[in-house]
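Below are the chains, spelled out letter by letter.
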Amino acid sequence: MNIGFSKTSLSAKGALVLFILPHLKLAGAASEIDRQSGGALKRAIAASRFKGNAGEKLEILAPANTPASRVLLVGLGKPQEINDLSAEKAGANAVTQLLTSGEKTISVLIDVIEGAKISPAAFAAHVAVGAQLRSYRFDRYFTKQPDNKKPSVERIEVMLDDHASAKKLFKPLEKVAEAVFFARDLVSEPGNVIYPKSYAAEIKKLEALGVEVEILGEKEMRKLGMGSLLGVGQGSENESQLVVMQWRGLPKTSKVKPIAFVGKGVTFDSGGISLKPGAGMEDMKFDMGGSAAVVGLMKALAGRKAKANVVGVVGLVENMPSGKAQRPGDVVKSMSGQTIEVINTDAEGRLVLADALWYTQDRFKPQFMIDLATLTGAIIVSLGHENAGIFSNDDALVKKLTDASEKSGENVWRLPLSDTYDKDIDSSIADMKNVGAAGSAGSISAAQFLQRFVNKTPWIHIDIAGTAWAKKDLPLCQKGATGYGVRLLDRLVRDHYEEK
Ligand code: BES
Ligand code: MN
Ligand code: ZN
């Protein structure tokens, strides 16, 4: 599907999309089309329960005397509440209705919105990216998909007076959307396709965009003393990898310290010797969702040439049981020098991140580190699928992330850390154990564990176990991999860490 911007034309064929406010008055293009069609729009509104609220839509098929095959009215809600995100949802709403409708082209007609703070150009750009995000499908493994299930829309033409400005604003947004798609693809791919080496090879392709990519294998990691990460991959036939990405968007002379993002990339989590139950185990191909967000972020930043120096580090391992696998009770030594008693081989994500976090702060001395991980089932018990859990040692950084969360619509909710929780992971044989007290604050003890490897660097841990995968459709995403984190972190970087 491609997206273009141009001047308004009332002779467009295919589907027309018009945005409507709750006062239901038809202005501009809408009133013109209503007039052409002998009042079809007004009559349709009167005959329906469409109120122009956000999330509503009304489809009018084959209106008389217009070249359009259908008109879709999309509600916007109160004009003073329209923002980037609500514009994205409005664009997505149109695509939800039309993507597989048989229409090949959609023309979206945008007038000045009376009472709105957002400019028509910004509104148009965000409508476009919302439409794009919602159009994503992961269908490469269907060999006999029936025609009526396949997307029919090939082009969206967004029409407005200031189309030149809209096009310019859309350019970086489109790069971010493409990066979200990359993350969704990586998460959707099964474990036999994306395993540490094949995943690292995918990441290596970011070099074409100017990202520096280094791949460390098990030999290199052993030299660095990463016994915690290596223990997790020990039972797998697939060699573990640590991938380091650097995007240097600032001038070479810049003295600014980089910012760093770290991701859990367990390409399949069987649980290891502490084997998971069979039912639902297939879901654990998405256990690399945190790393996919980091990789997607790097692609977004490079794609839109962000003026920031950013490091991405992902630990890629497969957690499998075998004769070589790590046992419950084993003690491993992490790169930090701290020892860990592995009580449960299924609490592996924290073992991977322990070394990835330590390595990142040790090598790059970043301004901050943010890690993302599908870390605990317990976070789904606490927050469901609405919010990712965040944990931090830095209130100011949390404030910035929370702002970015409100703007991107990728929700976060903070949970506490404290010395008393920290005691739960003390071990009687090593410096710590990899699980806390059974059935008690499992997401927090996991975060406490990670905190022992950040060495006082300002840090946020984002537990995305509930948000990396959607079991039902979301406003900006068909059910499946969400790409959660890419837009959140891109917004954080854009609003707070880029030179203008
Ligand atoms: N990858 C899982 C967490 C997870 C569970 C993500 C369900 C999404 C859905 C993680 O590695 C794990 O297995 N965590 C254990 C920790 C426990 C053994 C302390 C869990 O949450 O059960
Ligand atoms: Mn696990
Ligand atoms: Zn896991």
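Residues numbered from 1 in each chain as written. Chains lettered and ligands numbered in written order. Predicted model: local features only at pLDDT ≥ 70, side-chain atom pairs only at ≥ 80, totals over all residues. Heavy atoms only, no water.

### Observations regarding the coordination of the manganese ion (ligand 2)
Item 1. On the protein side, the manganese ion (ligand 2) has Asp269 (OD), Asp346 (O), Asp346 (OD) and Glu348 (OE) as donor atoms, found 2.1 to 2.2 Å from it.
Item 2. Taken together, the 6 donor atoms coordinating the manganese ion (ligand 2) and their angles of 71 to 167° define a geometry best described as irregular.
Item 3. In primary-sequence terms, the residues that donate to the manganese ion (ligand 2) follow D-x76-D-x1-E.
Item 4. Between the manganese ion (ligand 2) and the zinc ion (ligand 3), a separation of 3.2 Å is found, and both are coordinated by aspartate 269. Remark: aspartate 346 occurs in the loop between strand S12 (339–341) and helix H10 (349–364) and aspartate 269 occurs in strand S9 (residues 259–269); sequence separation between them is 77 residues.
Item 5. On the basis of relative accessible area, aspartate 269 is assigned to the buried category, the value being 3%. (Donors = N, O, S within 2.8 Å, 3.2 Å for Na, K, Ca; no water. Tetrahedral: all angles 85-135°; square planar, octahedral: opposite > 155°, others 65-115°. Helix = DSSP H or I, 4+ residues; strand = E, 2+ residues; numbered from the N terminus. Buried < 20%, exposed > 50% of the residue type's maximum accessible area, 1.4 Å probe, protein only.)

### A look at the pairing of strand S14 (residues 388–392)
Item 1. Taken across its 5 residues, S14 has 5 buried, putting it largely inside the fold.
Item 2. Burial of the side chains of S14 extends over both faces: Ala388, Ile390 and Ser392 are buried on one face and Gly389 and Phe391 on the other.
Item 3. As judged from the 3 bridges shared by S14 and strand S15 (residues 412–414), these two strands associate in the parallel manner. When the sheet's bridge partners are listed, alanine 388 is paired in S15 with valine 412.
Item 4. The handedness of the S14 to S15 crossover, carried by helix H12 (residues 395–408), is right-handed. (Pairing = 2+ DSSP bridges. Right-handed = clockwise from strand over helix to strand, strands pointing away.)

### Notes on the site of ligand 1
Item 1. Residues in close proximity to ligand 1 total 17 residues, the closest being Lys276, Asp287, Asp346, Glu348 and Gly377.
Item 2. The contact in question runs from a nitrogen atom of ligand 1 to an N or O atom on the side chain of aspartate 287, over 2.8 Å.
Item 3. Contact between ligand 1 and threonine 374: a nitrogen atom at 3.3 Å from a main-chain N or O atom of the residue.
Item 4. Isolated, ligand 1 exposes 510 Å² of accessible area, and the fraction of that covered by the protein chains is 76%.
Item 5. Of the residues assigned to the shell around ligand 1, the class counts are 6 nonpolar, 4 polar and 7 charged. (Near = heavy atom within 4 Å. Polar contact = N/O pair within 3.5 Å; in protein donor to acceptor, adjacent residues only side chain to side chain. Areas by Shrake-Rupley, 256 points an atom, 1.4 Å probe, with all protein chains shown as cover. Nonpolar A, V, L, I, M, F, W, Y, C, P; charged D, E, K, R; others polar.)

### A word on the side chain of threonine 360
Item 1. On the secondary structure map, threonine 360 appears in helix H10.
Item 2. Residue classification places threonine 360 among the buried positions, given a relative accessible area of 0%.
Item 3. A distance of 2.6 Å separates a polar side-chain atom of threonine 360 from the backbone oxygen of alanine 356.
Item 4. Beyond its immediate chain neighbours, meaning those up to four positions away, threonine 360 contacts Ala260, Val262, Val313, Lys365, Pro366 and Met369. (Contact = heavy atoms within 4.5 Å.)

### Things to note about empty space enclosed by the protein
Think of a ball as big as a water molecule: rolled over the atoms, this probe shows where empty space is left.
Item 1. Across all of its chains, the model carries 4 cavities of 30 Å³ or more by this definition.
Item 2. One number sums up the size of the largest cavity: a volume of about 160 Å³.
Item 3. Residue lining of the largest cavity: 14 residues in total, with Glu88, Leu173, Val176, Arg487 and Arg494 positioned closest to the centre.
Item 4. Of the residues forming the lining of the largest cavity, the biggest block, 4 residues, is contributed by helix H15 (residues 486–496).
Item 5. Counted by class, the lining of the largest cavity contains 5 nonpolar, 2 polar and 7 charged residues. (1 Å grid on protein atoms, 1.4 Å probe; cavity = no way out; pocket = protein on both sides within 12 Å on 5 of 7 lines; lining within 4 Å. Points joined across faces, edges and corners; volume = space filled by probe spheres on them.)

### A few points about the coordination of the zinc ion (ligand 3)
Item 1. Taken together, Lys264 (NZ), Asp269 (OD), Asp287 (OD) and Glu348 (OE) make up the full set of protein donors to the zinc ion (ligand 3), lying 2.0 to 2.4 Å away.
Item 2. One can describe the donor arrangement at the zinc ion (ligand 3) as octahedral, given that its 6 donor atoms subtend angles of 78 to 174° at the metal.
Item 3. Read in sequence order, the donor residues coordinating the zinc ion (ligand 3) give the pattern K-x4-D-x17-D-x60-E.

### As for the environment of valine 244
Item 1. Along the polypeptide, valine 244 turns up in strand S8 (residues 241–248).
Item 2. For the pair valine 244 and alanine 200, spaced 44 residues apart in the sequence, the C-alpha separation amounts to 9.8 Å.
Item 3. Those residues in contact with valine 244 that sit more than four places away from it in its chain are Glu212, Val213, Glu214, Leu216, Gly312, Val313, Tyr359, Arg363 and Phe364.

### Digging into the sheet that holds strand S16 (residues 432–433)
Item 1. Pairing is mixed across the open sheet formed by 3 strands, whose spatial order is S11-S12-S16. Here the strands that pair on one side only, and so sit at the sheet edges, are strand S11 (331–333) and S16.
Item 2. Relative to S12, S11 runs antiparallel, the two being bridged by 3 bridges. Within the sheet, the bridge partner assigned to valine 332 lies in S12 and is isoleucine 340.

### Topic: the packing of aromatic side chains
Item 1. Taken as a whole and assessed by the stated rule, the structure comprises 8 aromatic pairs.
Item 2. Relative to phenylalanine 181, the ring of tyrosine 136 has its centre 5.1 Å away and its plane inclined at 45°; by these criteria the two rings are tilted. Placement of the pair is tyrosine 136 in the loop between helix H4 (120–134) and strand S6 (155–159) and phenylalanine 181 in helix H5 (residues 163–188), with a sequence separation of 45 residues. Each member of the pair, tyrosine 136 as well as phenylalanine 181, is classed as buried.
Item 3. On the numbers, 5.0 Å between centres and 65° between planes, the contact of phenylalanine 368 with tyrosine 497 is edge-to-face. Of this pair, phenylalanine 368 sits in the loop between H10 and strand S13 (369–373) while tyrosine 497 sits in the segment after H15, and the two are 129 residues apart along the sequence. Across the pair, tyrosine 497 and phenylalanine 368 agree in class, each one buried.
Item 4. Clustering of aromatic rings is evident, with ring pairs tying together Phe261, Phe368 and Tyr497. (Phe/Tyr/Trp six-rings, centres within 6.5 Å; stacked < 30°, edge-to-face > 60°.)

### Observations concerning H4
Item 1. When the terminal C-alpha atoms of H4 are compared, their 21 Å separation across 15 residues agrees well with the 21 Å that a helix rising 1.5 Å per residue should span.
Item 2. Among the 15 residues that make up H4, 14 are buried, leaving the element largely enclosed by the rest of the structure. (Expected span 1.5 Å × (residues − 1).)

### Overview of the layout of surface pockets
Item 1. In this structure, the largest pocket occupies an estimated 780 Å³ of space.
Item 2. Every residue lining the largest pocket is counted, 35 residues in all, and those nearest its centre are Lys276, Leu375, Thr376, Gly377 and Ala378.
Item 3. Residue assignment for the lining of the largest pocket shows that the elements contributing at least two residues are S9, H10, helix H11 (378–383) and helix H14 (442–451).
Item 4. Partitioned by chemical class, the residues of the lining of the largest pocket number 14 nonpolar, 12 polar and 9 charged.
Item 5. Approximately 640 Å³ is the volume found for the second largest pocket.

### Overview of the environment of threonine 345
Item 1. Secondary-structure assignment places threonine 345 in the loop between S12 and H10.
Item 2. As a C-alpha pair, threonine 345 and serine 270 span 75 residues in sequence and 9.6 Å in three-dimensional space.
Item 3. Discounting chain neighbours no more than four positions away, the residues touching threonine 345 are Gly271, Gly272, Ile273, Ser274, Asn319, Gln326, Arg327 and Pro328.

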